[in-house]
Amino acid sequence: MKIGILSLAVLLSLAGVSAQTTAPDLNQTILEISFTAAKLSSLAYINTNTSGFTTAGLGYDEIVFYTDEPDQAIVAKKDGRCYLAFRGTNANLADWHQNADLSNDTTTEPCEVRAGFADFLDTDPVAQGLADLKTCMDTCTDPCDCLVITGHSQGGAVSTIVSILLNSYCPRVITF
């Protein structure tokens with residue numbers, strides 16, 4: 001942990017930020033956001049179609065899963081921030097086949113990306129999730145500290161693509 005805090009202090013000093021006055025608060029905020037992002041990236045792997053699955057007790061103000069197998073996204077609200085998390089690659093042939101699709105997908109303006117990472121973005125569940133995400137963001141008190149996009153593996157790639165598409169919302173992107 002000392003290395004992480006030391007690295008943050010070095011980055012703050014390079015950015016011209018006084019580590020003495022802001023580092024403790026900033027360190028705590030970064031750790032809280034990163035921890036929540038990691039939990040959501042992990043939750044994105046859960047099969048929400050299983051009997052008895054419930055979102056009760058997960059610790060979020062709001063949480064909704066959007067699934068189009070083998071892909072899944074989550075929109076959640078916690079501590080005044082809205083989170084969008086994407087599932088990474090599952091251990092099944094269909095998902096690996098999707099990742100191997102090297103063709104370009106020109107529907108994700110303003111950039112060209114691998115279709116295997118972007119095809120989930122053109123589904124009805126994602127359209128609903130993005131609408132719900134925008135509703136969540138309307139409730140944020142600080143629009144510059146509102147949106148966190150996260151994911152692991154393939155979910156990290158999708159998160160990066162979505163951060164470009166939603167760049168006007170100044171998202172924080174945390175990938176694993």
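This text follows the structure it describes.
The rules behind each value
- Residues numbered from 1 in each chain as written.
- Predicted model: local features only at pLDDT ≥ 70, side-chain atom pairs only at ≥ 80, totals over all residues.
- Heavy atoms only, no water.
- Disulfide = S-S within 2.5 Å.
- Buried < 20%, exposed > 50% of the residue type's maximum accessible area, 1.4 Å probe, protein only.
- Salt bridge = Lys/Arg side-chain N within 4 Å of Asp/Glu carboxyl O.
- Helix = DSSP H or I, 4+ residues; strand = E, 2+ residues; numbered from the N terminus.
- Pairing = 2+ DSSP bridges.

Visitor: Hey, could you run me through the state of the cysteines in this one?
Guide: Linking two cysteines covalently through their sulfur atoms gives a disulfide. In the structure shown here, the tally under the stated rule is two disulfides. The disulfide partner of Cys140 is Cys146, and the S-S distance across this bridge is 2.1 Å. A torsion of 60° about the S-S bond marks the disulfide between Cys140 and Cys146 as right-handed. With relative accessibility at 13%, the residue Cys140 sits in the buried group. On the basis of relative accessible area, Cys146 is assigned to the buried category, the value being 4%. Here the bonded cysteines of the protein are numbered in sequence order, and their pairing is 1-2, 3-4. Cys144 carries a free sulfur, and the closest cysteine sulfur to it, the one in Cys170, is 5.2 Å from it. Assessed through its relative accessible area of 46%, Cys170 is described here as partly exposed.

Visitor: Can you help me understand the pattern of salt bridges in this one?
Guide: Oppositely charged side chains may form a pair once their charged atoms are brought near each other. On inspection of all chains with the given rule, the structure shows three salt bridges. Of the charged contacts in the structure, one is a salt bridge between Arg87 and Glu69, with a shortest N-O distance of 3.0 Å. Placement of Arg87 in the loop between β3 (81-86) and α3 (93-99) and of Glu69 in the loop between β1 (62-68) and β2 (71-78) is noted, with a sequence separation of 18 residues between them. Owing to a relative accessible area of 45%, Glu69 belongs among the partly exposed residues under this scheme. Between Arg172 and Asp145 there is a salt bridge whose closest N-O contact spans 3.0 Å.

Visitor: Looking at this structure, how should I read the pairing of β3?
Guide: Two faces, one strand: in a regular strand the side chains alternate between the faces of the sheet. Counting buried residues along β3, six of its six residues qualify, which places the element largely inside the surrounding structure. The alternating pattern of β3 places Arg81, Tyr83 and Ala85 and Cys82, Leu84 and Phe86 on opposite faces, both of which are buried. Hairpin connection between β2 and β3: a loop of two residues separates the two successive antiparallel strands, and Asp79 in this loop has a positive phi of roughly 55°. Where β3 lies against strand β6 (residues 147-151), five bridges are found, and the strand directions are parallel. Across the sheet, the residue bridging to Tyr83 is Val148, located in β6.

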